[in-house]
Amino acid sequence: MKPAVIIHGHFYQPPRENPWTGQVDAEPSAAPEHDWNARVTKESYLPLVSVEVEEEGKNTRVPVYDYLSFDFGPTLLDWMEREAPEIHDAVLRADRASVTRLGHGNALAMPFHHIILPLANRRDKTTEVRWGIADFKKRFGRDPVGFWLPETAVDRETLDVIAAEGIAFTVLAPHQVSKVPERGLPAKVELNDGRSIAVFVYNGGLSHDVAFGGLATDANRWTDALNATPPDAIASVAVDGETWGHHHKGGDKALATVLHRLLRSEKLELTNFAAALATHPPTETVTLIEPTSWSCAHGIERWRSNCGDRIKQDVPPHQEWRAPLRAAIDWLADEIHGIYEREGRDLPGGPWAFRDAAGATGSAPRLVDMERGALSAMTSCGWFFDDIAGIEARQVLRYAAHAITLAGNESGRLEAGFIEKLGEDRNVEVFRQTLQPTPS
Ligand SMILES: [Zn+2]
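This structure is a prediction, so every number in the text was calculated from the model and none was measured.

## Considering the overall build of the chain
Counting its regular elements, the chain contains 17 helices and ten strands. Each principal axis of the C-alpha atoms in the chain carries an extent, and together these give about 70 × 55 × 40 Å. Considering only contacts in the chain between residues 6 or more positions apart, those separated by 24 or more positions represent 71%. Element-wise, carbon and sulfur atoms account for 51% of the exposed surface of the chain, whose accessible area totals about 17500 Å². In the chain, 46 positive and 63 negative side-chain charges are present, and the distance between their average locations comes to 2 Å.

The structure is reproduced here in structure tokens:
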């Protein structure tokens, strides 16, 4: 068998919609575009639909999504369907084309919100996974086989929940398993009640060099690196989709060139994870190192403490706000779940089955909207960056504020309790700024 190559892009933006209007407010830092979704769309999502490649004196257009393994955050697809429907349609078409070509689709599902699943309780994990799967089926018209975990954040319960929902595999970083499986082949993690799940461990060196080491813009070096794949091995690269175009200008062209060469290669076979799993059922068993993620060297501390990980290395760190923000959101979610369970006890099927069935979008009773707000407020981007006053943390605070307004006569108590948990004056000041809907 020829060695196989899988290139995966995780395409995602923090949700930016004002929860009071459902529209994205202007983000001046994204100028000249209206907001960052529009900016990254122009730099990455749109160009990747069709990239012109010059090889051996001939120009060809490469529909990148047709040949790339990918996951798109449901909240990003939701925005794209409204604001860039031609790209949304191209992504859905690309998945269908890959099913025709390989027998298995390129697209992986994701939880509806980009939340750190190990930080959520089992019931919230299950709802997020069910909402994500429902959204996937609605868009792609098929059941998902693979599931991308936000920040690849994992614990055993997370895998057990996705396996219980019928998911066959996920993708992890090398440091997240006890032993990296041989030759890039999928391995198995044993779970509850006789369940198990397959995990692909991406090639850490290659992925790092694509994301940060210059391969993303150098098709020749990247091709050489892939040509070194040993016989019978699978070389899988997993990076953020925005690597191509947004993070690295010209990355779209290099990626398309590499894909174009792989499609014509006599040495290598270009495939996707689901197709590779079908031909390589796991034989090895590995155990998880948990909880861990791909973007925090300290497990999942980045989303609940001042672990030291940050974006700007040249300014003194000031992430002491992360722990109180996590405490405040966790407290609020618990309170809201209590109100929901009490006031929603007569919802058909019971409150929790009703929440799952209602889905993440569309019209729903006030109580379900309140629950949606509590889950939206767990979006990981709120903690990922350096400052609680940044647009991503503010977004999480806006979701919290909006959920609080939906809590009826409990609103006053929730607002007071939330402010107490936020602690420091600066945290509270930023929260208070989110209480008024901002004009777009
Ligand atoms: Zn960290």
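Past the structure itself, the notes keep going.
## Side note on the side chain of Asp356
With respect to the element layout, Asp356 can be found in helix H12 (residues 351–358). What makes Asp356 buried here is its relative accessible area of 17%.

## Quick word on the coordination of the zinc ion
Coordination sphere of the zinc ion, protein contribution only: Cys296 (SG), His298 (ND1), Cys307 (SG) and Asp309 (OD), at 2.0 to 2.3 Å. Around the zinc ion, the four donor atoms are arranged such that angles at the metal cover 98 to 121 degrees; this shape is classified as tetrahedral. One chain supplies every donor for the zinc ion, spaced along it as C-x1-H-x8-C-x1-D. Of this pair, His298 sits in the loop between helix H10 (273–279) and helix H11 (322–343) while Asp309 sits in the loop between H10 and H11, and the two are eleven residues apart along the sequence. The exposure class assigned to His298 is partly exposed, which follows from its relative accessible area of 39%. Of the residues examined, Asp309 reaches a relative accessible area of 18% and is grouped as buried.

## Regarding the sheet that holds strand E7 (residues 187–190)
Taken together, three strands build an open sheet; the order of strands is E6-E8-E7 and the sheet is mixed. Each end of this open sheet is capped by a strand with a single partner; those strands are strand E6 (169–172) and E7. Between one strand and the next, the sheet's axes are offset by a mean angle of 40 degrees, whatever the strand orientation. Sheet topology places E7 next to strand E8 (residues 196–201); four bridges connect them, and they run antiparallel. Directly across from Ala187, in E8, lies its bridge partner Val199. Contacting E6, E7 and E8, helix H6 (residues 156–164) runs over the sheet at an angle of about 115 degrees to E8.

## Some thoughts on the side chain of Thr75
One can find Thr75 in helix H3 (residues 74–83). Residue Thr75 is classed as buried on the basis of its relative accessible area, which comes to 13%. Not counting residues within four places of it along the chain, the set of residues in contact with Thr75 comprises Tyr12, Gln13, Pro15, Phe112 and His113.

## Some points on the packing of aromatic side chains
On inspection of all chains with the given rule, the structure shows 18 aromatic pairs. With a centroid separation of 6.0 Å and an interplanar angle of 65 degrees, the aromatic rings of Phe11 and Tyr45 are classed as edge-to-face. Taken together, the positions of Phe11 in strand E1 (residues 4–11) and Tyr45 in helix H1 (residues 36–45) put the pair 34 residues apart, joining distant regions of the chain. As far as the burial class goes, Phe11 and Tyr45 line up, both buried. Three or more aromatic residues link up through ring pairs in this structure, and these residues are Phe11, Tyr45, Tyr65, Phe70, Phe72, Phe136 and Phe140. When the ring centre of Phe384 is taken as origin, the NZ or CZ atom of Arg302, which lies over that ring, is 3.7 Å away.

## Structural notes on the nonpolar core
By size, the foremost hydrophobic cluster in this structure holds 123 residues, and its most contacted members are Ile7, Leu159, Trp244 and Phe418. Leu159 has contacts with Leu149, Val154, Thr170, Val189, Leu191, Ile197, Val199 and Leu288, leaving out every residue within four places of it along the chain. Counting 18 residues, the second-largest nonpolar core is a separate cluster that includes Leu108, Phe169, Leu185 and Ala238.

## Let's talk about the pairing of strand E4 (residues 69–72)
Both faces of E4 are covered, namely the face carrying Ser69 and Asp71 and the face carrying Phe70 and Phe72. Two elements, E1 and E4, share four bridges in a ladder whose sense is parallel. Within the sheet, the bridge partner assigned to His8 lies in E4 and is Ser69. Here two bridges tie E4 to strand E5 (residues 107–108), and the two strands are oriented parallel to one another. Looking at the pairing, Phe70 lines up with Ala107 of E5.

## A short note on the pairing of E8
The side chains of a regular strand alternate, first on one face of the sheet and then on the other. Across the six residues of E8, five count as buried, placing the element largely inside the fold. In the sheet, E6 pairs with E8 via four bridges, with the strands oriented parallel. Among the inter-strand pairings, Phe169 is bridged to a residue of E8, identified as Ala198. Hairpin connection between E7 and E8: a loop of five residues separates the two successive antiparallel strands, and Asp193 in this loop has a positive phi of roughly 55 degrees.

Conventions used here
- Residues numbered from 1 in each chain as written.
- Predicted model: local features only at pLDDT ≥ 70, side-chain atom pairs only at ≥ 80, totals over all residues.
- Heavy atoms only, no water.
- Helix = DSSP H or I, 4+ residues; strand = E, 2+ residues; numbered from the N terminus.
- Contact = heavy atoms within 4.5 Å.
- Areas by Shrake-Rupley, 256 points an atom, 1.4 Å probe, with all protein chains shown as cover.
- Lys, Arg positive; Asp, Glu negative; His and termini not counted.
- Charge placed at Lys NZ, Arg CZ, Asp CG, Glu CD.
- Buried < 20%, exposed > 50% of the residue type's maximum accessible area, 1.4 Å probe, protein only.
- Donors = N, O, S within 2.8 Å, 3.2 Å for Na, K, Ca; no water.
- Tetrahedral: all angles 85-135°; square planar, octahedral: opposite > 155°, others 65-115°.
- Pairing = 2+ DSSP bridges.
- Axes fitted to C-alpha atoms, helices over the stretch in contact; angles between N-to-C directions.
- Phe/Tyr/Trp six-rings, centres within 6.5 Å; stacked < 30°, edge-to-face > 60°.
- Lys NZ or Arg CZ within 6 Å of the ring centre and 35° of its normal.
- Core = buried A, V, L, I, M, F, W, Y, C linked by side-chain atoms within 4.5 Å.

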